[in-house]
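Chain by chain, the residues:
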Amino acid sequence: MEKIREGIKDKKRIVIKIGSSSLQHKETGDLDYTKLDVLCRELCNIRNQGKDVILVSSGAIAVGKKAVGIKAQSHDGRHMGFKQACAAIGQARLMMTYQKIFAEYNQIAAQILMTKNTIVDDVNRENAYNTFSELLNLGVIPIVNENDTVSTYEILVGEDDVLIGDNDTLSAIVASLVHADLLILLSDIDGLYSDDPRINDKARFIEEVEELTDEYMNMGKSSTGSSVGTGGMNTKMNAAKIATSCGADMIIANSSDIRIIHRLMDGRNLGTLFKAHMDENFDVIDFIKNIHS
């Protein structure tokens with residue numbers, strides 16, 4: 001295990017995903033600026049090592065709700081237009097916050113909003129790849145989210161027409177698109193367990209997954225996510241399938257201390273490591289369509 005983890009130090013292109021629940025104070029739904037500051041500092045430090053880093057960040061709808069006086073954690077059944085409006089408000093606020101904090105570390109950040117058509121359309125996918133490539137060549141840190149102001153795919157998790165659906169899956173798609181060699185999913189759980197540890201105190205923690213078998217995939221099916229985000233362990237397992245099949249290692253780790261990022265990059269045995277198993281026949285689009293069918 002130690003030798004395998006040592007290899008993390010050599011990764012050159014890293015995608016890091018952080019969820020809504022990791023960015024906010026649970027009591028109020030307001031942004032946790034301390035966590036955001038540490039996150040930006042960690043990403044800048046990776047970038048200063050000469051590595052490429054991309055952030056996939058949730059939180060736009062929750063931040064927008066808070067801005068207009070609706071509790072971020074609430075599920076009040078409001079119509080889709082309202083949620084999309086919240087996304088528009090929140091995405092602007094979230095990016096403004098990121099830009100200000102990154103500027104403190106002399107780092108330029110850029111926003112990339114993706115939709116279903118970014119992935120399924122060959123021209124759009126190529127254009128997205130070119131944009132990512134140029135930004136990374138310029139030393140910029142791209143910040144990615146699904147474009148909820150015009151796309152309902154993430155908002156309507158579970159609907160038949162979902163293609164992306166959550167930022168766990170989106171981050172894996174980004175990793176495959178840019179040929180990343182490491183994907184880190186920061187969550188409110190330590191990693192993969194044999195069962196949901198919140199309801200089964202005998203659940204076994206799994207440090208490493210050498211190959212994603214059906215047994216492992218089924219471990220995520222009964223778990224759910226937080227009241228703020230849209231992804232549970234099931235979406236993380238799907239992300240692992242995408243990332244590892246496209247040649248990237250993936251780690252699920254707890255975001256309670258954002259400084260875990262540099263500890264992971266130092267090769268420490270934290271979280272659950274999913275080893276890459278490049279599959280030339282793996283079709284990302286077909287896989288996503290199947291998991292949402």
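Note: the structure precedes this text.
A brief structural summary. (Residues numbered from 1 in each chain as written. Predicted model: local features only at pLDDT ≥ 70, side-chain atom pairs only at ≥ 80, totals over all residues. Heavy atoms only, no water.)

### A look at helix H7 (residues 122-137)
Under the convention used in this document: In DSSP terms, a helix is any run of H or I states spanning at least four residues, a strand is any run of E spanning at least two, and both are numbered starting from the N terminus. Helix span, as expected, comes to 1.5 Å for every residue beyond the first. N or O atoms closer than or at 3.5 Å make up a polar contact, with two conditions inside protein: a donor-capable atom paired with an acceptor-capable one, and, for residues adjacent in sequence, both atoms drawn from side chains.
Its 16 residues give H7 an end-to-end C-alpha distance of 22 Å, which sits within 8% of 22 Å, the value for a rise of 1.5 Å per residue. The N-terminus of H7 is capped by aspartate 121, whose side-chain oxygen sits 3.1 Å from the backbone nitrogen of valine 123. Note on H7: the residue one or two positions beyond its end, glycine 139, has a positive phi of about 80 degrees.

### Some details on the sheet that holds strand S8 (residues 208-209)
To keep things clear, this is the line we draw: Strand pairing follows a simple DSSP-based rule, namely that at least 2 bridges must link the two strands.
Spatially, 8 strands are ordered S3-S4-S2-S1-S5-S9-S10-S8 in an open sheet, and the strand pairing comes out mixed. Edge positions in the sheet fall to strand S3 (109-114) and S8, since each has one partner strand and no second. In this structure, S8 lies alongside strand S10 (residues 272-274), joined through 2 bridges in parallel fashion. Note that in S10 the partner of glutamate 208 across the bridge is leucine 273.

### Comments concerning the packing of helix H10 (residues 233-245) against helix H12 (residues 284-291)
What describes two packed helices is the angle between their axes and the distance between those same axes. Convention followed: To get an axis, a line is fitted to the C-alpha atoms, and for a helix only the part in contact is used. The angle between two axes follows their N-to-C directions and goes from 0 to 180 degrees. Each angle receives one of four descriptions, namely roughly parallel if under 35 degrees, roughly antiparallel if over 145, roughly perpendicular if within 65 to 115, and oblique otherwise. Handedness of a crossing follows from how the near helix is turned relative to the far one, being left-handed for an anticlockwise turn of less than a right angle and right-handed for a clockwise one. For this analysis, residues touch if any pair of their heavy atoms sits within 4.5 Å. Each residue gets one label: Ala, Val, Leu, Ile, Met, Phe, Trp, Tyr, Cys and Pro are nonpolar, Asp, Glu, Lys and Arg are charged, and the others, such as Gly, are polar.
In contact at an axis separation of 11 Å, H10 and H12 are set at 165 degrees when each is read in the N-to-C sense. By the criterion of interaxial angle, the relationship of H10 to H12 is roughly antiparallel. In the packing of H10 onto H12, the handedness of the crossing is right-handed. In contact with Asn238, Lys241 and Ile242 of H10, H12 contributes Val284, Phe287, Ile288 and Ile291. Residue composition of the contact of H10 with H12, by class: 5 nonpolar, 1 polar and 1 charged.

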